[in-house]
Amino acid sequence: MQTSQSNQQLQQANNVSVFDMLVLGIAVAITLYLRLNLLNIPFDRDEGEYAYAGQQILQGNLPYDVIYNMKFPGVYYMYASVFAVFGESVAAIRLTGLFMHLATTFFLFGCVSFLFSKRTGIYAAATFLIISLSFPAESILSNAEVFVVFFGCAGLWMMIQYLSRQKWVWLFFSGVMLCLSCLMKQPGAIYGVMALVVFLVYKPKTVSYFKLLIWIIGGLLPAALLLGYLQYHDLMANFIFFCFIYGREYATMVNGIVGRYLFVTNYRDIFFNSWVFVVISLLALVWSIVFYQQKKWWLLWLIVLLSALAVVPGLYFRKHYFIFLHPAVAIAAAYFLVDGSKIIFNKFKNYFAPAVFAIATLQFFIFGFRNYDMFQINGETYSRKMANYAIFADAPAIGNYIRSISDSNKVIGTMTNEPELLFYANRKSASGYLYMYPLFEYHPYFEQMTKEYMEQIVTQKPEIFVRTNIHNTGKNKNNIDIVLQWWETYKLNYELLRVYVTTGPETPYQPLESLDNYTSSGLYVEIYRRISN
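Please read these numbers as outputs of a predicted model, since none were measured by experiment. (Residues numbered from 1 in each chain as written. Predicted model: local features only at pLDDT ≥ 70, side-chain atom pairs only at ≥ 80, totals over all residues. Heavy atoms only, no water.)

**Q** Got a minute to help me understand the overall build of the protein chain in this structure?
**A** Within the protein chain, the secondary structure is distributed over 21 helices and five strands. Taken over C-alpha atoms, the radius of gyration comes to 25 Å for the protein chain, in line with the 24 Å a tight globule of 533 residues would show. Evaluated residue by residue, the protein chain yields a buried proportion of 57% over its 533 residues. Summarising the internal contacts of the protein chain: among those between residues at least 6 apart in sequence, 75% fall at separations of at least 24. Of the side-chain charges in the protein chain, 38 are positive and 31 negative, and the distance between the mean point of each set is 14 Å. (Helix = DSSP H or I, 4+ residues; strand = E, 2+ residues; numbered from the N terminus. Rg over C-alpha atoms; globule rule 2.2 N^0.38 Å. Buried < 20%, exposed > 50% of the residue type's maximum accessible area, 1.4 Å probe, protein only. Contact = heavy atoms within 4.5 Å. Lys, Arg positive; Asp, Glu negative; His and termini not counted. Charge placed at Lys NZ, Arg CZ, Asp CG, Glu CD.)

Shown next as structure tokens:
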């Protein structure tokens, strides 16, 4: 009797109404409209790093050789692949981001349909589409988290395809995709845990546990190829140092008090932008325990907790880290909308989910319209509004100027935290330190890094040198003073050509008409040309 009732409930949950399909169709239409309208958003700082790395890879230069960073190199090669196929442009990356967003939605729908129900999958997909338009979470951009979620959901979906069809090729490529997710950024490992749990719980009795070896081989293959590639080019030592040794120091710099402040500060607008969806997802967690169903309540909790764990490392809580929560929030919210409608409003179960979803979506866009003018904003305005004093919106013009005054065969020196300038200028950096942050943090290696940075600049003798205000780059004020004192001496080899300054938030950086009596203060971009050898 109980089994019959459960089967009847499952059949009802898999019945998709016209209203449900309309909800998904509207979510897709809104996504296409907004994202296509924002194809010209200039790269932000992290995107500029990925774009520069991709550009250098296509020119024969490698990560951990000309680019020092603690991130795994997967996203660098994704940008390089996009540039190789579609050209080196912002629009190419934005269109790729749109495709990956829609593909992730498809994979999410497939996973949720298998684990819960087809109707739950519809609402998970629609919710994911909407909350992934969050301006405060920077999810409209193409940060590493977007690629992590794409490959993670793809790997989980392929695991489910194997469980449904029992063809080993799905299992193998599930491992490949999940490894790629981790190579995009380390927190991608959470999807491997999810896939393993799904295999162990939903594995048919006819499938041997030894089949996991195929999955493991697929997962090891991309990692083995990467390690072999790095070893062949003698970059293994640099890879281990930046990704693991320095990476460990970076992950332990922020204490709990600062971490709590960063969480509240960075998550506040993200929460207010989509608070109805978030509250619904939290209700789902309670709901799943009170009205638990076999295998589902703990699975929902596992997905949410693992996704939350991906946001936590280092306690930095940067805004785009919360992209890791989008699939989990979407699944939890959909679970409540579909499962809750069967118990709370059984008589109106076909209308409860679309009605509540419509309310949550309306709240999302009211906040977005009031604070960001979402439906009318263009790429440049978005960049200025979201970044305030940052140079992202003006970086293309500044980069083009640097390109016009420099030789394509020579390197340029930088003392900035703006790698996007290097991409737009299409010039190689004299130093692998694209950011000044590692030099100005307290850790055992800052002196070693500072010495290496100075030696690279002095040895390379860059034709052009670009400098921005670095006084507030880190807590290590003593080392900041040391680097600035070094610069006061080294800059005698250069003449100041142009200075871009801004006078306030959302105000463009403009070149000064005269450099007479100029002193470095406020927010600026100084461009020097070498006058001596």
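On we go.
**Q** Just to check I follow, could you spell out the packing of aromatic side chains for this structure?
**A** For any pair of aromatic rings, the description consists of the separation of the ring centres together with the inter-plane angle of the planes. Applying the stated criterion across every chain yields a total of 59 aromatic pairs. Both rings, one in Phe72 and one in Phe244, keep their centres 5.9 Å apart while their planes meet at 50 degrees; by these two values the pair is tilted. Remark: Phe244 occurs in helix α11 (residues 236-250) and Phe72 occurs in the loop between α3 (45-58) and α4 (74-86); sequence separation between them is 172 residues. By relative accessible area, Phe72 is classed as buried at 9%. On the accessibility criterion, Phe244 (42% relative accessible area) is partly exposed. Centroid distance Tyr77 to Tyr229: 6.4 Å. Interplanar angle 80 degrees. Geometry classified as edge-to-face. (Phe/Tyr/Trp six-rings, centres within 6.5 Å; stacked < 30°, edge-to-face > 60°.)

**Q** When you look at unusual backbone geometry in this model, what are you seeing that I'm missing?
**A** In this model, Glu138 sits at a positive phi of 60 degrees, which is unusual for a non-glycine residue. For Leu315, which is not a glycine, the phi torsion comes out positive at approximately 60 degrees. With respect to the element layout, Leu315 can be found in the loop between α14 (296-311) and α15 (326-343).

**Q** Can you walk me through the state of the cysteines in this structure?
**A** The term disulfide refers to a covalent linkage connecting the sulfur atoms of a pair of cysteines. In total, this model carries zero disulfides according to the counting rule given. With no disulfide of its own, Cys179 lies closest to Cys182 among cysteine sulfurs, the gap being 6.7 Å. Here Cys243 stays unpaired: no disulfide links it, and the sulfur of Cys182, its closest cysteine neighbor, is 11 Å away. Looking at Cys243, the relative accessible area reads 6%, which means it is buried. (Disulfide = S-S within 2.5 Å.)

**Q** Is there a simple way to think about helix α10 (residues 212-232) in this case?
**A** What sets the pattern is the α-helix's 3.6 residues per turn: residues three or four places apart point alike. Between its first and last C-alpha, α10 extends 30 Å over 21 residues, near the 30 Å set by a 1.5 Å rise per residue. At Leu221, α10 shows its strongest bend, of approximately 30 degrees, with the proline Pro222 following within four residues. Leu212, Trp215, Gly218, Gly219, Pro222, Leu226 and Leu230 are the residues of α10 that are buried. Backbone geometry just downstream of α10 places Asp234 in the positive-phi region, at approximately 60 degrees. (Expected span 1.5 Å × (residues − 1). Bend = angle between axes of the 7 residues up to and from the residue.)

**Q** What's the story with the sheet that holds strand β3 (residues 494-501) in this structure? I'm lost.
**A** Backbone-to-backbone hydrogen bonds pair the strands of a sheet. The strands run either parallel or antiparallel. In space, the five strands of this open sheet follow the order β1-β2-β5-β3-β4, with mixed pairing throughout. The sheet is open, and its two borders are formed by β1 (412-415) and β4 (510-511), each paired with just one other strand. Each of β1 and β2 (464-468) touches helix α20 (residues 446-460); the most contacted strand, β1, lies at about 150 degrees to it. (Pairing = 2+ DSSP bridges. Axes fitted to C-alpha atoms, helices over the stretch in contact; angles between N-to-C directions.)

**Q** For this particular structure, what's the right way to read the pattern of salt bridges?
**A** Two side chains that carry opposite charge are able to pair once their charged atoms sit near each other. Tallied over the full model, the rule gives eleven salt bridges. Of the charged contacts, one joins Asp20 and Arg119 as a salt bridge, the two residues approaching to 2.7 Å between their closest N and O atoms. With Asp20 in helix α2 (residues 18-37) and Arg119 in helix α6 (residues 118-131), this pair connects stretches of sequence that are 99 residues apart. Between Glu49 and Lys71 there is a salt bridge, with its nearest N and O atoms 3.0 Å apart. Of this pair, Glu49 sits in helix α3 while Lys71 sits in the loop between α3 and α4, and the two are 22 residues apart along the sequence. Summarising the burial analysis for this pair, Glu49 and Lys71 share the class buried. A single network of salt bridges, built from pairs that share partners, joins Glu380, Arg384 and Asp394. (Salt bridge = Lys/Arg side-chain N within 4 Å of Asp/Glu carboxyl O.)

**Q** Can you walk me through the nonpolar core in this structure?
**A** If you look at the biggest cluster of nonpolar residues, it comprises 172 residues, and the most contacted ones within it are Phe43, Tyr79, Tyr123, Met415, Tyr453 and Ile527. No other element matches helix α7 (residues 144-165), which puts 16 residues into this core. Residues in contact with Tyr453, not counting those within four places in the same chain, are Thr414, Met415, Ser431, Tyr433, Met436, Leu439, Phe465 and Trp486. In terms of nonpolar packing, the next biggest core, distinct from the first, is built from eleven residues, Leu62, Phe72, Cys179 and Leu235 among them. (Core = buried A, V, L, I, M, F, W, Y, C linked by side-chain atoms within 4.5 Å.)

**Q** Teacher, can you tell me more about the environment of Asn400 here?
**A** As for its position among the elements, Asn400 is in helix α18 (residues 395-404). Note on Asn400: relative accessible area 43%, which makes it partly exposed. Sequence separation of Asn400 and Tyr76 is 324 residues, and the distance between their C-alpha atoms is 22 Å.

**Q** Is there a simple way to think about the environment of Arg403 in this case?
**A** Looking at the element boundaries, Arg403 is found in helix α18. For Arg403, a relative accessible area of 37% gives the class partly exposed. For the pair formed by Arg403 and Asp339, sequence separation is 64 residues and the distance between their alpha carbons is 58 Å. Discounting residues that sit within four places of it in the chain, Arg403 has contacts with Phe423, Tyr424, Ala425, Asn426 and Arg427.

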